[in-house]
Structures are given as structure tokens and as C-alpha cells.
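Residue-level listing of the chains:
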Amino acid sequence: MSPLWSNIFRQKPEEESLAYFLGTLPLFSDMTERELKRLETLVHVREYDAGETVFSEGDPGSGLYIVRTGRVRISSRSNQGREIELAVLASGDFFGETTLASPAMRVASARTLEKAQLVGLFRADLLETVQKNPAMANKLLLGLTRVMSERLHAAGQELMRLQQARSTAPAGEE
Amino acid sequence: MPEQLSLTRTQLLLIFLVLTASIASGLALFTSASRITELLHVATTGIVLPVLLSLVLAFLLEPLVRRFERGPFNRTASIFLVSLLTAVLLYLAGRWLSPHWLAMWGSLRTDLPRYLARGIELLNQFEVRLNEYFPFVSGLDLPGRGRVLAEHLFNEMLSHTTGSALRLGSLMLLVPLFTFFFLRDGQKIIRFSVGLAPNRYYEMAHDLSYLISRQLSHFVRGRILEAAIVGIVVGFGLSFTDIRYAPLLGLFAGVTNLVPYLGPIVGMIPGILIALVDLGMGGQFWWILATYLLIGQVILDNFILIPILISHVSNLHPLWVIIAIIMGGKLYGVLGMIIGVPVASIIKIIIIEIRYYRRTFALPLASQDSELTG
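Report follows, based on the coordinates. (Residues numbered from 1 in each chain as written. Chains lettered and ligands numbered in written order. Predicted model: local features only at pLDDT ≥ 70, side-chain atom pairs only at ≥ 80, totals over all residues. Heavy atoms only, no water.)

## Digging into the environment of Leu113 of chain A
Residue and element names in this part refer to chain A. If you trace the backbone, Leu113 turns up in the loop between strand S9 (109-112) and strand S10 (116-122). In this structure Leu113 comes out as partly exposed when scored by relative accessible area, which is 36%. Spatially, the C-alpha atom of Leu113 lies 5.3 Å from that of Ala50, the residues being 63 residues apart in sequence. When near neighbours in sequence (up to four residues on either side) are disregarded, Leu113 contacts Ala50, Gly51, Arg71, Val72, Arg73 and Val88. (Helix = DSSP H or I, 4+ residues; strand = E, 2+ residues; numbered from the N terminus. Buried < 20%, exposed > 50% of the residue type's maximum accessible area, 1.4 Å probe, protein only. Contact = heavy atoms within 4.5 Å.)

Right under this line is the structure:
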């Protein structure tokens, strides 16, 4: 293809498109290019200012957010009302995936640290896809399950490690 | 000194000008506000019917489009296919029915005065009987009222048939067009309007809009299907007797069945009247009454259709039904009376969904709060 024609037909370089970005995520790694294009119309791109609340602890949660640009701080409130930082997420990370499949409350708060662009995928869209395009919904759910089970596995191991550390720790420390 | 004076003078002039301008614009705003609402009303009257019809059609055709979409077609192609199928089906039905309908319509227009006169006569007899048993109920003038109502109805029908060709033409043009766009871009329109919500409330708005639209499509599909089945069964049941206009009466019963409580009663009045005038109080009359009441309403509607098709969410208190009918009638005439109750049900569904949503998520929050304080 001559540069002239590629100029006319390709408005955006491939790497800048939302579909390409989604394809780089482990969540959607199984998807074909066509399905990624479909996914592009399914997700919601939202622009956030610096320091804007994405959601707070206790909000009704209905889906996951993927960080495309910017950074997001995940925090939780302790029993004494102090804010504990759990993580700072950057481009390619996602959060809130536990509420995608079943309605639940947010267990942590998310706030942007700088100007950010987040990509939302919500339960309503997932349910629509299950009806409209079951094959694609399967891949979506499989990807989600894989990531969730990896995280569960890691959490289980972490819990075991903590338990072991606690049992081997000297009694005077508690 | 003169400089200062001229300054105050310009200031005074300015103040005067500003004051007059504000008063004038205030007056203009006041008069134009009522004018604008009036204009809005006039402008929307032509649009309400096609938009409503196409919304209903879009709701009805959506499952079919989805089925096609699961196959090798994309959305636009499946909408085209479904529209084509519907158009062909409607055309065939129209060709098959139109000679019957035209003949029926013609004879009905000559028969109607006869039926109305007979109906008024019956009312007269009824009043005489009523006065016999309850002499204190006098001055009701039932026949007079009936005559006024009947004349009004007849006039409306006659005046509507002259203009109805034009209206039907515009409907046949607008409804398919609107339906196509509602089917193709409905999701996008909802997405766009929900997308206008601020980031903080976006997620909730999105979730709610999904829940509400799901409930609404259930409701609309259920109601239409219910009315269609009741209409067909009543028309079929009536055609066993010698009554004339059975298909028309079935259609009327189906349309009025959209309105709960009052609709079925209004729907059976013409059938009963025609039966009384043409057939008298024989066995056929009782069969017709049984078709309307026992088969149409009690068995079919209450025992079979409503439990299956209509969820209890959309049940309205009879008081609200009557209020909705009156308000709808005031706004859009006979059409408003029919659509008033469904619209009220839709509003109720929206309110209930929002409340349910809030309560589902508020409950654990409250317990957590008590845990925190405790």
C-alpha cells in the first residue's frame, strides 16, 4: 500500500486505537480483532480530572474500570476512620472487577491522582453481550475468571504466608 | 460641575433604559412562556402518535432483530430483514382483509345510527324501570345524556374518516422510519443521554437505565401480546354466533383491553349493544356475554395471560388508573385515554426500579455503619 492510500484509509495509527489497547490487556487476550472492535463499542471511555472520585467505599458497584492514561489511587477506610492506601494503578491496570458478575458494594475507594482516562465495562453491557453475542461473552467471562482465579490464588498464598509468619513470630510481639 | 451633572444624567438614562428593558423583557418572557408551552403542545400533537407507535413497534421487533443478529447478519442488515418481513406480512394480511374490512366499514356507517337509536331506547326503558322501583331517583335523564354522547361519538367518527386518509398516509411514512431509527440507534441514544451524567453518578445511571429498559420492554411486550390475544379470542368467540362485525368488535375489545379495570367494560359495550339490537335476549346473547366476561376476561386474561405476561411491578391502584385516564384524555383525547394508563405504569416501573436499586444497596451500608459505631 502506498503511503498516500494508507493516509486516506487509516485515520489513526493502530497502536493508538482503543481496540488495540484493549487487546494488550490480559483480560481480553483471547479475543480476535473483530471481537475487540465490538468490545470497543461496548465499553465506556470516561475522562477524569485530577483528584476526582471514581467511586467511594459502599457505593453500589456494577463493573470494572481499566486505566488507559493517568494514575488511580485505591484506598480503604480503617475501623478508626483512617484512610489506608491499597494501591496506585497506572495504564493497563484495572480495578473493581469483583462487582462485574454479581451486584455488590464497593469495598474500597478509587480516586484519580492526575488527569486520567478510564475505560468502564459494566454488568449491563456484559448481560447484553451474553444475549447478543454468546461466543464473545464466553471469552469475556473466561478472561475474567482467569484473572480472578489468579488473584484468588495469589491472595490465598499471601494469607498462608501471613499465617505462617504469625505462627513462627515470637509471642511477645502481639 | 456640569461634567458631574452630565455623568449622573447618563447614569440615570442608563438606569431608566435598563429598567424599561428588563420590564419589557419580563413581560415578553411571561407572555411567550405560555405561548411556548402552547406551541410545544401543538407541535407535539402530530408527533406523539407516530413516535409512540414506532416505540411500541421497536419494542416488539427487538427480539426478532436480536435473533437475526446472532446469525451472520449485522444489526442494520437484520433490522432491514425484519422490516421487510413485517412489511410483507402486513401487506399480505391487508390484501386478504381489505375487501372484508371495507364492506364492513361501509355497512357499519349506515348501521351505527340504528344501533345508537336502539341503545337510547333501551336506556329509556331502563329509566322507566328504575323509576318504578326507585321513585326517588328522578331527573336523571339517561336517554338525553346517552343521545348527546352518541351524537358526539358519531360526529367524531365521521369527521375523522375524512381526515384519516391523510393521517394514515403520514403515519405509514413516519412509523417505519421512526421504528427503523429507534431499533438501530435506540441503544446509542440511551448511551449518549446516560453518558451526559457526571462521572460520579455515571455508573449508577448506566446500571439503572439498563434495569429500567429491561423492565419496560417486558411490560410493553406483555401488554401488547395480552391485548392481541384477548382481541383474537373475543373476535373468534363472537364469530360463532350470528353477530355482525365480530372482527371489528374483537379489535375494539383488544385495544380497550390495554386499559385495566375500565377498558374491558368499555370494550364489551358495543358488542352487547349490537347483540341486543340484532339478536335480542336469546341464547346467543348469553353466549356473547360469556365470551366477553367469562372466556375473555376471567379465564383468559386473569388466569392465564396476566400471571404469565404481566409482572406485579406494573400493577396500578384503580384510583391511579382513573386519574391517568382522565389526564390522558384531557391531553390527547381518545388516544390519551388509551395510552394514559400504560404511561402511568411506565412511570411507576421507573420509580420502583430506582427505589429498589437504592434499597438493595442501602441495606448493607446501614449495617456496616452500625458495626462501625458499635
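After that view of the structure, there is still more to cover.
## Remarks on the interface of chain B and chain A
At the junction of the two partners, chain B supplies 22 residues and chain A supplies 34 residues. Between chain B and chain A lies a buried interface of about 2500 Å² when both sides are counted; carbon and sulfur atoms form 46% of it. The interface formed by chain B and chain A holds four salt bridges in total. Between Arg123 of chain A and Asp207 of chain B there is a salt bridge, and its shortest N-O distance comes to 3.3 Å. Taken together, the links from chain B to chain A amount to 19 residue pairs in polar contact (both at pLDDT 80 or more). Listed by contribution, the elements that provide at least two residues to the side of chain B that touches chain A are helix H1 (2-70), helix H3 (142-195), helix H4 (199-238) and helix H8 (318-373) of chain B. No other element matches H4 of chain B, which puts eight residues into the side of chain B that touches chain A. (Buried area = accessible area lost by both parts, 1.4 Å probe. Salt bridge = Lys/Arg side-chain N within 4 Å of Asp/Glu carboxyl O. Polar contact = N/O pair within 3.5 Å; in protein donor to acceptor, adjacent residues only side chain to side chain.)

## Let's talk about the pattern of salt bridges
Applying the stated criterion to the full structure yields 20 salt bridges over all chains. In this structure, the salt-bridge partner of Glu158 of chain A is Arg161 of chain A, at a minimum N-O distance of 2.9 Å. Here Arg161 of chain A and Glu158 of chain A lie together in helix H5 (residues 134-168), a separation of three residues that amounts to about one turn. Given the relative accessible area of 37%, Glu158 of chain A is considered partly exposed. On the accessibility criterion, Arg161 of chain A (47% relative accessible area) is partly exposed. Close ionic contact of Arg184 of chain B with Asp185 of chain B constitutes a salt bridge, the shortest N to O distance being 3.3 Å. Arg184 of chain B sits in the partly exposed class, given a relative accessible area of 32%.

## A few points about the pairing of strand S1 (residues 44-48) of chain A
All names here are of chain A. The side-chain alternation of S1 yields one buried face, formed by His44, Arg46 and Tyr48, and one unburied face, formed by Val45 and Glu47. Sheet analysis places S1 next to S10, joined by five bridges and oriented antiparallel. Among the inter-strand pairings, Glu47 is bridged to a residue of S10, identified as Gln117. (Pairing = 2+ DSSP bridges.)

## Concerning the nonpolar core
Formed by 26 residues in total, the largest nonpolar core has its most connected members in Leu238, Ile243, Tyr245 and Tyr292 of chain B. Of all the secondary-structure elements, those providing two or more residues to this core are helix H2 (75-133), H4, helix H5 (246-256), helix H6 (262-278) and helix H7 (283-309) of chain B. The element best represented in this core is H2 of chain B, accounting for six residues. Domain assignment of the residues forming this core places at least three in each of domain 1 (48-196) and domain 2 (201-360) of chain B. With near-sequence residues (within four places) excluded, Tyr292 of chain B lies in contact with Val234, Leu238, Leu249, Ala253, Gly267, Met268, Gly271, Ile272 and Gln297 of chain B. Of all hydrophobic cores here, the second largest spans 23 residues; its members include Phe21, Leu36, Leu39 and Val147 of chain A. (Core = buried A, V, L, I, M, F, W, Y, C linked by side-chain atoms within 4.5 Å. Domains from an automatic or database assignment.)

## Section: the side chain of Thr179 of chain B
All names here are of chain B. For Thr179, the location among the structural elements is in helix H3. The class of Thr179 is buried, set by a relative accessible area of 5%. Each residue touching Thr179, except ones within four places of it in the same chain, is listed here: Ser54, Leu57, Ala58 and Leu61.

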